[in-house]
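Examination of the molecular architecture
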Amino acid sequence: MVNVPRLVVAAPASGSGKTTVATGLMAAFAARGLAVSGHKVGPDYIDPGFHTLATGRRGRNLDAYMCGPELIAPLFAHGARGCGLAVVEGVMGLYDGASGLGELASTAHVAKLLRAPVVLVVDASSQSRSVAALVHGFASWDTGVRIGGVILNKVGSDRHEALLRGALEESGVPVLGALRRAEGVSVPSRHLGLVPVVERRAEAVTAVEAMAAQVVAGCDLEGLLALARSAPALPEAGVWDAQDAVRPAAGKGAKPVVAVAGGAAFSFSYVENSELLAAAGAEVVAFDPLRDEKLPEGTAGVVIGGGFPEVYAPELSANGALRGAVAELARSGAPVAAECAGLLYLARSLDGLPMCGVLDADARMTGRLTLGYREAVALTDNVLAPAGARMRGHEFHRTAVEPGAGDEPAWGMHRPERRVEGFVRGNVHASYLHTHWAASPGTALRFVERCGG
């Protein structure tokens, strides 16, 4: 039985203030001495970094599209184990899910799967009495979603707040906070959204502190905690466990070293992926392609996730020693798995600058954003999946790769359009597709076995 007090922080639309409220609540309750876990609906990598700063625990994602609805409660229970409060930050508008698939992967869907009360954050900057109609509409749209309170954001004055509160008295949904316009509460951003915490930690710490202060000043923390504690137990949820998920063969010898890229250029990864690698028998060791001139001692395989290599292309290119080490490892037949940023790093060049040259391809920045959920089928037997295996993932980038000859395609995409994507060369698998391995734990086991584990 899972009985963790929990709240889902949602909004009518993106840009309403979910990140400010959710992160501020996490930090405010953590400062009170409560063990808090932070969660993010959807595939976003950046918000969980701010959640980690706020709580001191790794932020985790809850994605019902990539992982399936049946894993949402177990993954939540895994991340929230031992906590006195869990705060789940929603994605987009409350009812916005995977395009064309109804409620799937929406904040509302996850809230129902977790049986969690929702706090609706409303941008009230350009309305007064109309706020009641908006909240009433969201509260009555799906009776399976319990909106337990409203936090008004971008309130202009005491009079404005009084008008908003008066209007909402008729809605039956209590006001649990009112936050004034605060230009100082912001975090750095660029072409793909917020700047990850690892890149500008000092600024991120300041931003989280400001969010917490704003929430403490404007929210009813006791009322919010009481709402969280009203969430019922999840008696059939179970708790996800990496060891149970992979069940490696007994009697293995020494653990193969799997080097996982990190640092400012490669900060996009799901913590469960590394947990699964470790459960499958690997010794997981981090390395930073911006700073380290060699791979970790004894590296038998490399995993390079997403991030912003285009921002750091000169520094990555200048580290020729590590680029050479990665290329040599790949030529030796060791398994290498790369997603998005990792794909660019393995290419011959990025915006004209030399990269690892593992793939016969050149990458460049473009003005076009590629974004969305994907359904894919493995076209060839590779280090991550057997031919014919199906995988769900997502893409999020503004780059393009011009392939040469000699590499096989990795995936046949079936959503939203049919095309081939990615590269397979020997034991190298590189693709734009971001995947969450909790949905297919055999991926980690297969990779470690190819490493000699």
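In what follows, the accompanying structure is described. (Residues numbered from 1 in each chain as written. Predicted model: local features only at pLDDT ≥ 70, side-chain atom pairs only at ≥ 80, totals over all residues. Heavy atoms only, no water.)

**Some words on the sheet that holds strand β21 (residues 428–431)**
Each strand in a sheet pairs with another by means of backbone hydrogen bonds, the pair being arranged parallel or else antiparallel. Under the convention used in this document: In this scheme, strands are said to pair when DSSP sees at least two bridges between them. Each helix is a run of DSSP H or I of at least 4 residues and each strand a run of E of at least 2, with the numbering of both proceeding from the N terminus. Axes here refer to lines fitted to C-alpha atoms; in helices the fit is confined to the stretch in contact. Angles between the N-to-C directions go from 0 to 180 degrees.
Spatially, six strands are ordered β11-β10-β12-β13-β21-β20 in an open sheet, and the strand pairing comes out mixed. At either end of the open sheet lies a strand with only one pairing partner, and these are β11 (283–287) and β20 (423–425). Looking at each pair of strands side by side, their axes are set apart by 15 degrees on average, direction ignored.

**Remarks on the packing of helix α1 (residues 18–31) against helix α2 (residues 47–55)**
Note the cut-off: Should an angle fall under 35 degrees it is called roughly parallel, over 145 degrees roughly antiparallel, and 65 to 115 degrees roughly perpendicular, with every other angle called oblique. Handedness of a crossing is defined here by the sense of rotation of the near helix relative to the far one, left-handed for an anticlockwise turn of less than a right angle and right-handed for a clockwise turn. Whether two residues touch is decided by their heavy atoms; if any such pair falls within 4.5 Å, the residues are in contact. When residues are grouped by polarity, Ala, Val, Leu, Ile, Met, Phe, Trp, Tyr, Cys and Pro land in nonpolar, Asp, Glu, Lys and Arg in charged, and all others, Gly among them, in polar.
Close contact between α1 and α2 brings their axes to 8 Å; oriented N to C, the two are set at 20 degrees. As summarised for this structure, α1 and α2 are arranged roughly parallel, according to the angle between their axes. Helix-helix and strand crossings are classified by hand; for α1 and α2 the assignment is right-handed. In this structure, α1 uses T19, T23, M26, A27 and A30 to contact α2, whose residues at the interface are D47, F50, H51, A54 and T55. A class-by-class count of the residues in the contact of α1 with α2 yields five nonpolar, four polar and one charged.

**Here's the deal with the layout of surface pockets**
Sizing a probe to match a water molecule and rolling it over the atoms shows the empty space that remains. Stated formally: Throughout, the protein atoms alone are placed on a 1 Å grid, and a set of points is a cavity if a 1.4 Å probe fits but cannot get out or a pocket if it is open with protein on both sides within 12 Å along at least five of seven lines; lining residues have an atom within 4 Å of a point. Grid points are joined across faces, edges and corners, and a volume is the space filled by probe spheres set on the points.
In this structure, the second largest pocket spans a volume of roughly 650 Å³. Of the residues forming the lining of the second largest pocket, the biggest block, four residues, is contributed by α2. Residue composition of the lining of the second largest pocket, grouped by class: 16 nonpolar, nine polar and five charged.

**Brief notes about the environment of P43**
For P43, the position within the fold is in the loop between β2 (36–41) and α2. Linking P43 and V246, residues 203 residues apart in sequence, is a C-alpha distance of 22 Å. If near-sequence neighbours (up to four positions away) are discounted, P43 is found in contact with N61, D63, M66, Y270, Y373 and H394.

**Considering the pairing of strand β6 (residues 147–155)**
Working note: regular strand, side chains alternate between the two faces of the sheet. Using the following cut-off: A simple rule labels every residue: compare its accessible area, found with a 1.4 Å probe on the protein chains alone, to the largest value its type can have, and call it buried under 20%, exposed over 50%, or partly exposed in between. Here is how to tell: hold the view so the strands point away, follow the path from the first strand over the helix to the second, and if it runs clockwise the crossover is right-handed.
Counting buried positions along β6 yields eight of nine residues, so the element is predominantly enclosed. Two elements, strand β5 (residues 118–123) and β6, share six bridges in a ladder whose sense is parallel. Looking at the pairing, L120 lines up with V150 of β6. A crossover connection joins β6 to the parallel strand β7 (residues 175–180) through helix α6 (residues 158–168); in handedness this β-α-β unit is right-handed.

**Examining the nonpolar core**
Stated formally: In plain words, nonpolar cores are sets of buried Ala, Val, Leu, Ile, Met, Phe, Trp, Tyr and Cys residues tied together by side-chain atoms within 4.5 Å.
Counting residues in each nonpolar core, the largest one holds 108 residues, and the members touching the most others are F76, L94, L114, L152, L224, L277 and F447. The element best represented in this core is α1, accounting for seven residues. The residues touching L114, leaving out its near neighbours within four places in the chain, are R6, L62, I72, A73, F76, V88 and L234. Judged by nonpolar contacts, the second largest core, of 39 residues, contains V336, M355, A363 and F423.

**Brief notes about the pattern of salt bridges**
Pairing is possible between side chains of opposite charge, provided their charged atoms come close. Selection criterion: Salt bridge, as used here: a side-chain nitrogen of Lys or Arg that lies within 4 Å of a carboxyl oxygen of Asp or Glu.
Per the stated rule, a full pass over the model turns up 22 salt bridges. The partner of D142 in a salt bridge is K112, and the shortest N-O contact between them spans 2.7 Å. Taken together, the positions of D142 in the loop between α5 (130–141) and β6 and K112 in helix α4 (residues 107–114) put the pair 30 residues apart, joining distant regions of the chain. Notably, a salt bridge pairs D158 with R180, separated by 2.5 Å at the nearest N-O pair. With D158 in helix α6 and R180 in strand β7, this residue pair connects regions lying 22 residues apart in the sequence.

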